[in-house]
2 protein chains.
Amino acid sequence: MSPTGRVTRAEVAARAGVSTAVVSYTLNGGPKNVAPATRDRVLAAVRELGYRPNATARALRLGSTGQIGLVVATMSNPYFGQLTDETERAAAARGLALLVRTNSARDLTTAVEQLAERQVDGLLIAQSMDEASTAAVRATGVPTVLINEATAPDGVASVGVDRFGGARTAVEHLLGHGHRSVAFIGAAPGEDRRRGWSDALRAAGLGEGPAVEAEYSREGGYRGARRLLALDQPPTALLAGSDEQGLGALLALHEAGARVPEDVAVVAFDGSIASAYAWPPLTTVTQPTQEMVGRALDLLLQPGEPQQSILAPALVRRRSCGC
Amino acid sequence: MSPTGRVTRAEVAARAGVSTAVVSYTLNGGPKNVAPATRDRVLAAVRELGYRPNATARALRLGSTGQIGLVVATMSNPYFGQLTDETERAAAARGLALLVRTNSARDLTTAVEQLAERQVDGLLIAQSMDEASTAAVRATGVPTVLINEATAPDGVASVGVDRFGGARTAVEHLLGHGHRSVAFIGAAPGEDRRRGWSDALRAAGLGEGPAVEAEYSREGGYRGARRLLALDQPPTALLAGSDEQGLGALLALHEAGARVPEDVAVVAFDGSIASAYAWPPLTTVTQPTQEMVGRALDLLLQPGEPQQSILAPALVRRRSCGC
């Protein structure tokens with residue numbers, strides 16, 4: 001074996017009694033033909049020695065790795081865990097393996113550079129991009145699609161969901177249940193879900209209900225709901241910006257003895273498996289992750305002018321809204 | 001730019017007015033010295049052109065990538081999502097980047113081979129290994145540690161948790177609450193958690209309560225609990241083999257109108273964030289993931305004789321057990 005502990009092409013050649021070039025022709029299907037008997041001898045030697053052609057060496061030569069990369073901020077949010085599994089399956093269906101890079105430190109630039117350095121054929125990024133990471137993506141020269149984001153920097157393709165419309169539909173649904181005080185737990189003013197929430201209230205001739213800025217986590221939703229419950233006039237319904245926040249809000253409501261949906265109705269946003277197994281099961285604006293992933297891979301594999309693709313989410317009704 | 005869209009070392013050299021060898025000496029810190037003024041000129045050219053030294057080329061030369069790999073079966077289970085985030089943070093603290101490969105198709109052999117081909121310095125595998133994948137690990141020659149598994153194939157280092165002891169403690173705790181009929185939802189006879197459950201019952205002079213084999217998912221726990229509730233004499237307590245199963249069991253109990261913990265007490269196993277935000281919050285046998293990950297990285301980076309390391313889990317008491 002070589003000093004790195006790997007079986008080398010030379011050892012395969014020696015075992016098969018051929019030149020190293022013939023080993024390469026056999027494994028690469030050319031450029032020269034190899035007689036069937038010789039080919040069988042080479043393949044037998046490959047098997048016997050456990051030789052693995054070096055993919056990075058192949059990538060340097062061929063510029064194609066059969067592998068794509070995915071950057072996700074955190075896997076502790078099960079929505080992104082599911083998105084990752086969906087991406088792996090969709091990539092496998094196209095004959096591609098998936099390399100994932102989590103990025104809880106939010107250093108997207110380094111994550112992009114390191115994945116690109118691994119010679120992936122393309123990159124999916126499931127995290128909002130700033131100027132530095134956009135520059136990093138351009139510098140890599142690797143085709144990149146932003147996924148799970150509705151807006152992308154100039155020149156970057158993206159596939160996202162109409163969060164504004166999804167939130168608007170969710171609030172309209174709560175108004176249809178008779179609620180007049182619908183609160184919001186999520187991002188700061190200006191964010192799409194928050195705009196959808198306030199737009200639906202305004203269109204119904206209602207003032208904005210209370211809104212709480214919170215992290216996209218169970219803890220964030222828990223704290224947000226506790227703040228809403230402490231108001232002089234707590235809301236009778238709330239929209240959470242993510243399932244994780246909705247699940248945290250449920251715990252705060254249970255602890256306070258508030259019945260869901262009788263005292264406070266809840267709608268969340270994402271459509272993770274967890275939402276279906278909450279108590280009560282969460283009505284949630286569900287993102288079409290399978291379609292999103294498929295579209296993103298299509299954009300990645302047939303790159304043309306960068307497109308920004310927006311899909312429609314669907315309100316999945318369960319018990320927490322009063323249905 | 002080169003045909004692959006990358007800035008080349010030759011372009012950096014031209015911009016800096018030096019030879020390509022001097023670019024290499026500057027970026028690699030040797031083998032020859034570079035005058036400070038020349039070095040500054042090279043680094044300015046690197047910045048201006050956005051040149052990225054090719055990590056796979058470096059890896060081929062140096063045999064060290066600054067990167068480790070992690071194989072996880074599925075990210076849809078939030079416990080593994082959290083384990084991934086813990087691993088990323090612990091690796092970063094050691095100056096290493098983490099590449100993750102999910103493997104929902106359970107083709108561990110291919111996952112191992114593909115990560116090893118990417119030239120990682122070491123591999124963590126959070127999935128039980130069969131003969132084929134063990135052979136694949138040996139063939140790669142890459143240091144490997146099995147993580148989150150108490151038993152490993154010969155010659156493979158591992159860090160796991162005492163699942164037998166954890167399950168035993170959980171059942172003893174339920175017996176301490178006065179329960180005499182404690183059911184189990186999880187793996188088949190012989191598995192560690194199931195052995196711990198039956199051992200605790202036997203030690204208390206009780207017969208085995210009912211046991212249901214179920215997938216490690218919310219759906220599995222949900223179905224398992226429904227089967228237990230359909231028995232002529234449903235149990236008054238149950239141990240679930242994972243938090244996901246425990247969360248699924250909670251939904252089935254709520255739907256059936258069974259109060260938790262008054263009618264049926266529940267203890268789960270894992271210690272995911274989700275268990276703390278369930279309703280009622282789940283008492284759970286909590287795995288020391290941070291310690292597990294730290295130990296695994298130590299074994300990976302200072303490989304000696306393969307060690308099998310077993311850590312003790314802790315019972316975290318919340319409302320679902322009756323505490």
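Residues numbered from 1 in each chain as written. Chains lettered and ligands numbered in written order. Predicted model: local features only at pLDDT ≥ 70, side-chain atom pairs only at ≥ 80, totals over all residues. Heavy atoms only, no water.

A closer look at the overall build of chain A
Here is step 1: When you go through chain A residue by residue, the secondary structure sums to 13 helices and twelve strands.
Here is step 2: The C-alpha radius of gyration computed for chain A amounts to 26 Å, which surpasses the reference 20 Å derived for 323 residues by more than 25%, pointing to a less compact arrangement than a globule.
Here is step 3: Principal-axis analysis of the C-alpha atoms places the extent of chain A at approximately 85 × 40 × 30 Å.
Here is step 4: Counting over 323 residues, chain A shows a buried share of 57%.
Here is step 5: Within chain A, contacts between residues at least 6 apart in sequence are counted, and of these 67% link residues at least 24 apart.
Here is step 6: Summed over all atoms, the accessible surface of chain A reaches about 13200 Å², with 48% contributed by carbon and sulfur.
Here is step 7: Taking the average location of the 32 positive side-chain charges in chain A and that of its 33 negative ones, the two points are 8 Å from each other. (Helix = DSSP H or I, 4+ residues; strand = E, 2+ residues; numbered from the N terminus. Rg over C-alpha atoms; globule rule 2.2 N^0.38 Å. Buried < 20%, exposed > 50% of the residue type's maximum accessible area, 1.4 Å probe, protein only. Contact = heavy atoms within 4.5 Å. Areas by Shrake-Rupley, 256 points an atom, 1.4 Å probe, with all protein chains shown as cover. Lys, Arg positive; Asp, Glu negative; His and termini not counted. Charge placed at Lys NZ, Arg CZ, Asp CG, Glu CD.)

Remarks on the confidence of the model for chain A
All names here are of chain A.
Here is step 1: Mean pLDDT over chain A works out to 88, with 91% of the residues at or above the 70 mark.
Here is step 2: Low pLDDT, under 50, characterises residues 55-63; the predicted model gives this stretch 22 contacts beyond four residues in sequence or across chains.
Here is step 3: For this predicted complex, the interface confidence score (ipTM) comes to 0.77, while the overall pTM stands at 0.79. (pLDDT = per-residue confidence, 0-100.)

Points about the packing of helix α10 (residues 218-229) of chain A against helix α11 (residues 243-255) of chain A
Residue and element names in this part refer to chain A.
Here is step 1: Orientation of α10 relative to α11, taken along the N-to-C sense of each, is 45 degrees, at an axis distance of 6 Å. In terms of their interaxial angle, α10 and α11 are classed as oblique. The way α10 lies across α11 gives a crossing that is right-handed. Across the interface between the two elements, R218, G221, Y222, A225, R226 and L229 of α10 pack against E244, Q245, L247, G248, A249, L251, A252, L253 and E255 of α11.
Here is step 2: Looking at the contact of α10 with α11, its residues break down into eight nonpolar, three polar and four charged. (Axes fitted to C-alpha atoms, helices over the stretch in contact; angles between N-to-C directions. Parallel < 35°, antiparallel > 145°, perpendicular 65-115°, else oblique. Left-handed = near helix turned anticlockwise from the far one by under 90°. Nonpolar A, V, L, I, M, F, W, Y, C, P; charged D, E, K, R; others polar.)

Details of the pattern of salt bridges
Residue and element names in this part refer to chain A.
Here is step 1: Counting across every chain of the model gives 22 salt bridges over all chains.
Here is step 2: Residue D263 is joined to R259 by a salt bridge in which the shortest nitrogen-to-oxygen separation is 3.0 Å.
Here is step 3: Where salt bridges share partners, they join R168, E172, D199 and R202 into one cluster. (Salt bridge = Lys/Arg side-chain N within 4 Å of Asp/Glu carboxyl O.)

Observations regarding the packing of aromatic side chains
Here is step 1: Counted according to the given criterion, the structure contains six aromatic pairs over all chains.
Here is step 2: Above the face of the F269 of chain A ring, R193 of chain A is positioned so that its terminal group lies 5.4 Å from the ring centre. (Phe/Tyr/Trp six-rings, centres within 6.5 Å; stacked < 30°, edge-to-face > 60°. Lys NZ or Arg CZ within 6 Å of the ring centre and 35° of its normal.)

Observations regarding the nonpolar core
Here is step 1: Within the largest apolar cluster, 52 residues are counted, with the highest numbers of intra-cluster contacts made by L124 of chain A together with L124 of chain B.
Here is step 2: The next biggest cluster of nonpolar side chains, apart from the first, holds 34 residues, and it includes L123 of chain A together with L99, L108 and V120 of chain B. (Core = buried A, V, L, I, M, F, W, Y, C linked by side-chain atoms within 4.5 Å.)

Quick look at helix α3 (residues 36-49) of chain B
Residues and elements named next belong to chain B.
Here is step 1: Between its first and last C-alpha atoms α3 spans 20 Å; for 14 residues at 1.5 Å apiece the expected length is 20 Å, and the two agree.
Here is step 2: The complete set of buried residues in α3 reads T38, V42, A45 and V46. Considered in projection along α3, the buried side chains sweep an arc of 105 degrees and stay on one side of the axis. Projecting away from the buried face of α3 at angles above 90 degrees are the exposed residues P36, A37, R47 and E48. (Expected span 1.5 Å × (residues − 1). Arc of directions from axis to C-beta.)

A closer look at the side chain of E149 of chain B
All names here are of chain B.
Here is step 1: Inspection of the secondary structure assignment puts E149 in the loop between β4 (144-147) and β5 (157-161).
Here is step 2: Here E149 occupies a buried position and makes no salt bridge, while the nearest side chain of opposite charge, R163, is found at 4.1 Å.
Here is step 3: Polar contacts involving the side chain of E149 include one to the main-chain amide nitrogen of S128, which spans 3.4 Å. (Polar contact = N/O pair within 3.5 Å; in protein donor to acceptor, adjacent residues only side chain to side chain.)

Brief notes about the pairing of strand β8 (residues 237-240) of chain B
Along a regular strand, successive side chains alternate from one face of the sheet to the other.
Residues and elements named next belong to chain B.
Here is step 1: Every second residue of β8 is oriented toward a common face, with A237 and L239 on one face and L238 and A240 on the other, all of them buried.
Here is step 2: The sheet contact formed by strand β6 (residues 182-186) and β8 spans four bridges and is parallel. Bridge pairing in β8 links V182 to A237.
Here is step 3: In this structure, β8 lies alongside strand β9 (residues 265-270), joined through three bridges in parallel fashion. Across the sheet, L238 pairs through a bridge with V266, a residue of β9. (Pairing = 2+ DSSP bridges.)

Observations concerning unusual backbone geometry
Excluding glycine, residues mostly carry a negative phi; peptide bonds, for their part, are mostly trans.
Here is step 1: Cis geometry is adopted by the peptide bond preceding P280 of chain A, which originates at W279 of chain A and carries an omega value of -10 degrees.
Here is step 2: Tracing the sequence through the fold places P280 of chain A in the loop between α12 (273-276) and β10 (283-286).
Here is step 3: A positive phi is found at N148 of chain B, a non-glycine position, where the angle reads about 70 degrees.
Here is step 4: Checked against the element boundaries, N148 of chain B lands in the loop between β4 and β5.

A short note on the environment of W279 of chain A
Here is step 1: Examined against the element boundaries, W279 of chain A turns out to sit in the loop between α12 and β10.
Here is step 2: Separated by 145 residues in the primary sequence, W279 of chain A and T134 of chain A have C-alpha atoms spaced 41 Å apart.
Here is step 3: The contact partners of W279 of chain A, leaving out residues within four places of it in the chain, are L250, H254 and R319 of chain A together with L251, H254 and E255 of chain B.

Comments concerning the packing of helix α8 (residues 163-176) of chain B against helix α9 (residues 192-203) of chain B
Residues and elements named next belong to chain B.
Here is step 1: Across the interface, α8 lies against α9 with an axial gap of 7 Å and an inter-helix angle of 40 degrees. It follows that α8 is oblique to α9 by the angle criterion. α8 and α9 meet at a crossing whose hand is right-handed. Where α8 approaches α9, its residues R163, F164, A167, R168, V171, E172 and L175 are matched on the opposing element by D192, R193, R195, G196, W197, D199, A200, L201 and A203.

Some remarks on the sheet that holds strand β6 (residues 182-186) of chain A
Residue and element names in this part refer to chain A.
Here is step 1: Reading across from one edge, β7-β6-β8-β9-β10-β12 is the order of the six strands in this open sheet, with mixed pairing throughout. Each edge of the sheet is formed by a strand with only one pairing partner; in this case those strands are β7 (211-213) and β12 (314-316). The mean angle between the axes of side-by-side strands here comes to 20 degrees, regardless of whether they run parallel or antiparallel.
Here is step 2: Packed on one face of the sheet, α10 meets β6, β7 and β8 (237-240) and runs near 150 degrees to β6.

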